[in-house]
Amino acid sequence: MTVNIIEIGFDDAVTYSAEINNWSIGLWWDDFEEAGVEKCFPAIESDTGNVVAFQTINIDNQTIAIEVVPDYRKRGIAFQLISESGSITPETNENPEFWEKVAHAFGGYDEEDS
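Residues numbered from 1 in each chain as written. Predicted model: local features only at pLDDT ≥ 70, side-chain atom pairs only at ≥ 80, totals over all residues. Heavy atoms only, no water.

Engineer: Tell me about the overall build of the protein, and please be specific about residues and values.
Structural biologist: If you tally the helices and strands in the protein, you get four helices and five strands. Secondary structure elements in the protein, listed N-terminal to C-terminal, are β-α-α-β-β-β-α-β-α. The C-alpha radius of gyration computed for the protein amounts to 13 Å, which stays within 12% of the reference 13 Å derived for 114 residues, consistent with globular compactness. By principal-axis analysis of the C-alpha atoms, the protein measures approximately 40 × 35 × 20 Å. Across the 114 residues that make up the protein, the buried fraction comes to 40%. The long-range share in the protein, meaning contacts at least 24 apart out of those at least 6 apart in sequence, stands at 52%. When the accessible surface of the protein is split by element, carbon and sulfur atoms take 44% of a total near 6700 Å². (Helix = DSSP H or I, 4+ residues; strand = E, 2+ residues; numbered from the N terminus. Rg over C-alpha atoms; globule rule 2.2 N^0.38 Å. Buried < 20%, exposed > 50% of the residue type's maximum accessible area, 1.4 Å probe, protein only. Contact = heavy atoms within 4.5 Å. Areas by Shrake-Rupley, 256 points an atom, 1.4 Å probe, with all protein chains shown as cover.)

Structure, rendered in structure tokens:
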């Protein structure tokens, strides 16, 4: 399976909102400005054109949210998003195990820095 990761702006986010809201556990925020989102990176499955993951980033290049459709987890998509976006630090660390793996893979984030 191949995913294409693109950067989208506020206007383009509306295009993906309905689809993402069908599977998101509440991490997707329809009002980017209110959520402090500066950049959004959806991961789109090449074969189907479906959004299977996304990452939103604030003005400080910190990840606000990153989420992958459950059936697509453990395939490296979250790490592809991080690699493409360059955002290796969470705004709020609600998943220390994941961000520790990110730190080991990409260098940088340390729990003691938060």
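Engineer: Report on the pairing of strand 2 (residues 39-45), specifying residues and quantitative values.
Structural biologist: Counting buried positions along strand 2 yields six of seven residues, so the element is predominantly enclosed. Two strands pair when backbone bridges link them, and strand 2 and strand 3 (residues 51-57) are joined in this way by six bridges, in the antiparallel orientation. Paired with P42 across the two strands is F54, which belongs to strand 3. Counted along the chain from strand 2 to the antiparallel partner strand 3, the turn is five residues long, and its residue G49 has a positive phi close to 80°. (Pairing = 2+ DSSP bridges.)

Engineer: Got a sec to walk through the environment of F41? Specific residues and values, please.
Structural biologist: With respect to the helices and strands, the residue F41 is situated in strand 2. Sequence spacing of F41 and N4 is 37 residues, and the spatial spacing of their C-alpha atoms is 9.8 Å. Not counting chain neighbours up to four residues away, the residues in contact with F41 comprise I5, I6, E7, A53, F54, Q55, I57, L81, E84 and S85.

Engineer: Can you break down the packing of aromatic side chains residue by residue, with the values?
Structural biologist: Scanning the model with the defined rule gives seven aromatic pairs in all. Centre to centre, the rings of W23 and F54 are 5.9 Å apart; their planes meet at 45°, and the pair counts as tilted. Of this pair, W23 sits in helix 1 (residues 10-23) while F54 is found in strand 3, placing the two residues 31 residues apart along the sequence. Here W23 falls in the buried class, since its relative accessible area comes to 16%. (Phe/Tyr/Trp six-rings, centres within 6.5 Å; stacked < 30°, edge-to-face > 60°.)

Engineer: Could you give an account of unusual backbone geometry, naming the residues involved and the relevant values?
Structural biologist: Here the phi dihedral of N61 falls at roughly 60°; this positive angle occurs in a residue that is not glycine. Summarising the element assignment, N61 is placed in the loop between strand 3 and strand 4 (62-68). Residues other than glycine seldom take positive phi values, yet K74 does so here, at roughly 70°. Tracing the chain through its elements places K74 in the loop between strand 4 and helix 3 (77-85).

On their own, these measurements won't tell you what the molecule is for.
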